[in-house]
Amino acid sequence: MQSSAQIPLKSSPHFFPPRFPISHHPSPFSLQTHVKNRSFKAFSISNPPKTLKESNLEHFLVKEEQPSSKFQLPVEIRENGRVYSYIWNENRVEAVCLDCDSVSSGLSFENGLRKWVRDLFIPKQVGGNYVEYVKWKFLHRVFSSALQVLATQAMFGAMGVGYARSLPAAAAMKWVLKDGLGRLSRCIYTASVGSAFDTNLKRVRFATSILFSLSIGVELMTPLFPHCFLLLASVANIAKQISLACYLATASAVHRSFAVADNLGEVSAKAQIQTVCFDNLGLLLAALLNLICKNNQRLQTGLPFVVYPIFSAIDLYGIYQALKHVHLQTLTKDRLEIIVSTWIESRYVPSPAEVSAKEGLNLLDDPGRQSWPIRIGCLDTKSGIPNVSWSSMKSLSQDDFYFICIESCRSRTQSHILVCLREGARAIDTTVGMLQACYIRKVLSSSSSWQNVTEARDFSDFFGLEWLRLITDTKRRAQGESTEMHNEMLRSGWIANNVLFSTQERARYLFTDDKH
């Protein structure tokens with residue numbers, strides 16, 4: 001409904017007299033008023049006055065003559081792999097294809113095919129390392145799928161499938177028992193590993209890939225020992241189910257590392273397309289090998305044992321290279337230690353790609369690869385605690401959410417720096433604690449006398465004061481740099497608001513006053 005309020009046109013601060021006779025050029029921009037003796041009638045609010053910008057636009061639309069020549073407009077549209085440009089052609093706008101002249105050429109067909117394949121397998125917005133990851137994934141899936149086909153064929157032969165003496169009921173029972181034991185082991189493994197899928201994703205993923213490759217070798221051995229089929233098949237299936245559990249548990253984290261635009265669904269969908277297509281190529285490869293050897297029974301029997309070491313090596317190499325191109329942005333104790341150490345040495349925060357290169361797969365999981373390794377957790381009651389660390393616990397206050405001490409154990413070749421986190425500690429507290437621990441390690445590594453002092457059960461007052469001074473100075477320095485380093489971590493693409501811990505690293509201490 002129109003308002004009945006009337007506002008004089010001259011009183012409007014947005015009023016500008018038109019530069020042309022409105023009656024001569026009717027347009028949707030014209031005012032619904034009449035000119036008479038240069039005085040205007042009042043108009044309703046339903047037809048508001050035009051601004052200067054609107055008046056100039058109206059003047060341009062009415063007064064400017066439409067150009068008679070052809071010229072290109074500054075707009076291009078990319079659609080279906082082609083580029084279209086808009087041009088003004090005398091009295092209308094047309095879309096002209098800029099690269100349609102080369103459509104019939106072989107080069108354009110090749111480019112179109114390449115683009116079709118890319119659109120099929122690659123999401124629209126992913127990290128720059130995703131294409132390399134898919135290349136190595138292709139190598140891994142093709143040869144792994146071919147080995148699985150050969151292994152399944154060998155198992156059927158071991159059960160007697162295809163022979164007159166085979167008993168279908170017995171073969172089916174063995175297969176069901178094999179699958180049942182495998183799935184039960186999968187549940188047990190998933191429950192026992194837990195947080196390792198987050199904190200040691202690459203190491204667990206590659207270790208289970210090796211296990212999967214070995215399981216295929218066990219399946220290939222079933223024709224040689226048909227009387228042990230159930231045992232061999234069950235062992236192999238347990239290993240395969242463990243590998244499958246790890247793959248499913250870590251797939252979302254891997255996909256999230258590539259989803260730079262929060263398009264996790266698209267990345268996951270493309271991953272499924274890749275897996276299906278690559279596995280079918282592996283099936284085709286195995287079928288071709290069987291087709292080549294079909295006229296030679298001895299060659300067909302020995303084929304799996306010939307190709308197994310070659311295909312397994314290619315499979316594991318593809319997995320290894322693919323994992324090297326996975327750059328996780330989540331923080332763990334090891335990644336945080338690499339970031340803090342780099343910050344102390346070079347005053348900058350490395351990117352996830354740089355940390356991924358330094359981190360590697362860490363297959364051996366050796367914490368003592370450098371002097372004074374750092375551990376997050378709680379004090380081990382079975383290991384010796386040097387007296388020099390008592391002062392760290394005695395100086396705790398209500399505002400402290402961590403403390404640092406030295407731990408030594410006879411089973412370890414060297415002492416460790418232990419960061420004990422308090423219940424309720426935040427990610428920033430972990431960052432400050434790790435920063436302080438790295439500064440302490442830098443001081444301890446530069447002096448050999450500290451190694452003997454920390455291992456001694458008794459220490460002099462001099463070293464006790466030196467330890468307190470070291471704790472105080474490094475804590476003050478870590479707190480002063482933590483905010484700047486945290487902001488740099490966010491700018492470098494790290495998810496710095498949370499730190500992932502393993503089961504042992506989740507142990508916390510409770511401050512005495514927290515109980516009251």
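Residues numbered from 1 in each chain as written. Predicted model: local features only at pLDDT ≥ 70, side-chain atom pairs only at ≥ 80, totals over all residues. Heavy atoms only, no water.

What follows concerns the overall build of the chain. A count of helices and strands for the chain gives 15 helices and 10 strands. Across the chain, the fraction of contacts at a sequence separation of at least 24, relative to all contacts at a separation of at least 6, is 72%. (Helix = DSSP H or I, 4+ residues; strand = E, 2+ residues; numbered from the N terminus. Contact = heavy atoms within 4.5 Å.)

Now for the pattern of salt bridges. As enumerated under the stated definition, the model contains 14 salt bridges in all. Arg141 is the salt-bridge partner of Asp279, the closest N and O atoms lying 2.7 Å from each other. Taken as a pair, Asp279 in helix α8 (residues 264-292) and Arg141 in helix α3 (residues 130-159) lie far apart in primary sequence, 138 residues in all. Residue classification places Arg141 among the buried residues on the basis of a relative accessible area of 14%. For Arg335, the salt bridge identified is with Glu359, shortest N-O distance 3.3 Å. In this pair, Arg335 is assigned in helix α10 (residues 333-346) and Glu359 in helix α11 (residues 352-359), connecting sequence segments 24 residues apart. Three or more residues joined by partner-sharing salt bridges are found here, namely Lys333, Asp334, Glu337 and Arg441. (Salt bridge = Lys/Arg side-chain N within 4 Å of Asp/Glu carboxyl O. Buried < 20%, exposed > 50% of the residue type's maximum accessible area, 1.4 Å probe, protein only.)

Aromatic rings in a pair are described by how distant their centres are and how their planes are angled relative to each other. Under the counting rule described, the total for this entry stands at 9 aromatic pairs. Pairing Trp136 with Tyr317 gives two aromatic rings, centres 5.3 Å apart and planes at 85 degrees, and the pair type is edge-to-face. Within this pair, whereas Trp136 is found in helix α3, its partner Tyr317 is found in helix α9 (residues 297-324), the two being separated by 181 residues in sequence. According to the relative accessible area criterion, Tyr317 is partly exposed, its value standing at 44%. One aromatic cluster is present, built from ring pairs that chain together Phe121, Phe138 and Phe278. Lying across the ring of Tyr402, Lys475 places its NZ or CZ 5.9 Å from the centre. Its end group placed over the ring of Phe501, Arg508 keeps NZ or CZ at 4.8 Å from the ring centre. (Phe/Tyr/Trp six-rings, centres within 6.5 Å; stacked < 30°, edge-to-face > 60°. Lys NZ or Arg CZ within 6 Å of the ring centre and 35° of its normal.)

Looking at where Leu184 falls in the secondary structure, it is placed in helix α4 (residues 168-193). By relative accessible area, Leu184 is classed as exposed at 52%. Taking the C-alpha atoms as reference points, Leu184 and Ile238, separated by 54 residues in sequence, lie 8.3 Å from one another.

Time to look at the sheet that holds strand β8 (residues 402-407). Across the sheet, 3 strands lie side by side as β7-β9-β8; this open sheet has mixed pairing. Each having just a single partner strand, β7 (374-376) and β8 make up the two edges of the open sheet. Each adjacent strand pair in this sheet contributes to an overall mean axis angle of 25 degrees, direction not counted. The pairing of β7 with strand β9 (residues 416-421) spans 3 bridges and is parallel. Pairing of Arg375 across the sheet is with Leu418, part of β9. Sitting on the sheet, helix α13 (residues 427-445) is in contact with β7, β8 and β9, with an inclination near 35 degrees to β8. (Pairing = 2+ DSSP bridges. Axes fitted to C-alpha atoms, helices over the stretch in contact; angles between N-to-C directions.)

The next point concerns the nonpolar core. Counting 37 residues, the largest nonpolar core has Val340, Ile417, Leu435, Ile440 and Met489 as the members making the most contacts within it. For this core, the elements supplying multiple residues, two or more each, are α10, β7, β8, β9, α13, α15 (461-491) and β10 (495-500). Counting residues per element, this core draws most heavily on α13, at 9 residues. Once you skip the residues sitting within four places of it in the chain, Val340 turns out to touch Met434, Leu435, Cys438 and Met485. Core analysis: the second largest hydrophobic core is formed by 33 residues, Ala151, Ala259, Leu303 and Leu328 among them. (Core = buried A, V, L, I, M, F, W, Y, C linked by side-chain atoms within 4.5 Å.)

A few words now on the packing of helix α6 (residues 201-220) against helix α7 (residues 229-258). Relative to each other, α6 and α7 sit at 150 degrees, their axes nearing to 8 Å. One finds that α6 runs roughly antiparallel with respect to α7. Crossing geometry of α6 relative to α7 is assigned as left-handed. Here Leu201, Val204, Arg205, Thr208, Ser209, Leu211, Phe212, Ser215, Val218 and Glu219 of α6 come into contact with α7, specifically with Leu232, Ala236, Ala239, Lys240, Ile242, Ser243, Cys246, Tyr247, Thr250, Ala253 and Val254. (Parallel < 35°, antiparallel > 145°, perpendicular 65-115°, else oblique. Left-handed = near helix turned anticlockwise from the far one by under 90°.)

Next up on the list: α13. If you check α13, its first and last C-alpha atoms are 27 Å apart, about what 19 residues at 1.5 Å a residue would give, namely 27 Å. Summarising burial for α13: 15 of the 19 residues are buried, a large majority. (Expected span 1.5 Å × (residues − 1).)

Right, let's talk about the environment of Ala507 for a bit. Tracing the backbone through its elements, the reader meets Ala507 in the segment after β10. When the C-alpha atoms of Ala507 and Arg422 are compared, they prove to be 8.7 Å apart, with 85 residues separating the residues in sequence. Those residues in contact with Ala507 that sit more than four places away from it in its chain are Gly377, Cys378 and Leu421.

Our focus in this paragraph is the confidence of the model for the chain. Per-residue confidence for the chain gives a mean pLDDT of 77, with 70% of residues at or over 70. Counting interchain partners and residues more than four positions distant, the pLDDT-below-50 stretch residues 162-166 has 4 contacts. (pLDDT = per-residue confidence, 0-100.)

Below, the discussion takes up the side chain of Thr332. With respect to the secondary-structure elements, Thr332 resides in strand β6 (residues 330-332). Its relative accessible area of 2% is what places Thr332 among the buried residues. Each residue touching Thr332, except ones within four places of it in the same chain, is listed here: Asp198, Thr199, Val499 and Leu500.

Below, the discussion takes up α6. With 20 residues, α6 extends 29 Å from end C-alpha to end C-alpha; this agrees with the ideal 28 Å at 1.5 Å per step. Within α6, 15 of the 20 residues are buried, leaving the element largely enclosed by the surrounding structure.

Next up on the list: the pairing of β9. Of all 6 residues making up β9, 6 are buried, and the element is well covered by its neighbours. Here β9 shows no split at all, with His416, Leu418 and Cys420 on one side and Ile417, Val419 and Leu421 on the other all buried. Where β8 meets β9, 6 bridges bridge the pair, whose relative direction is antiparallel. Within the sheet, the bridge partner assigned to Glu407 lies in β9 and is His416.

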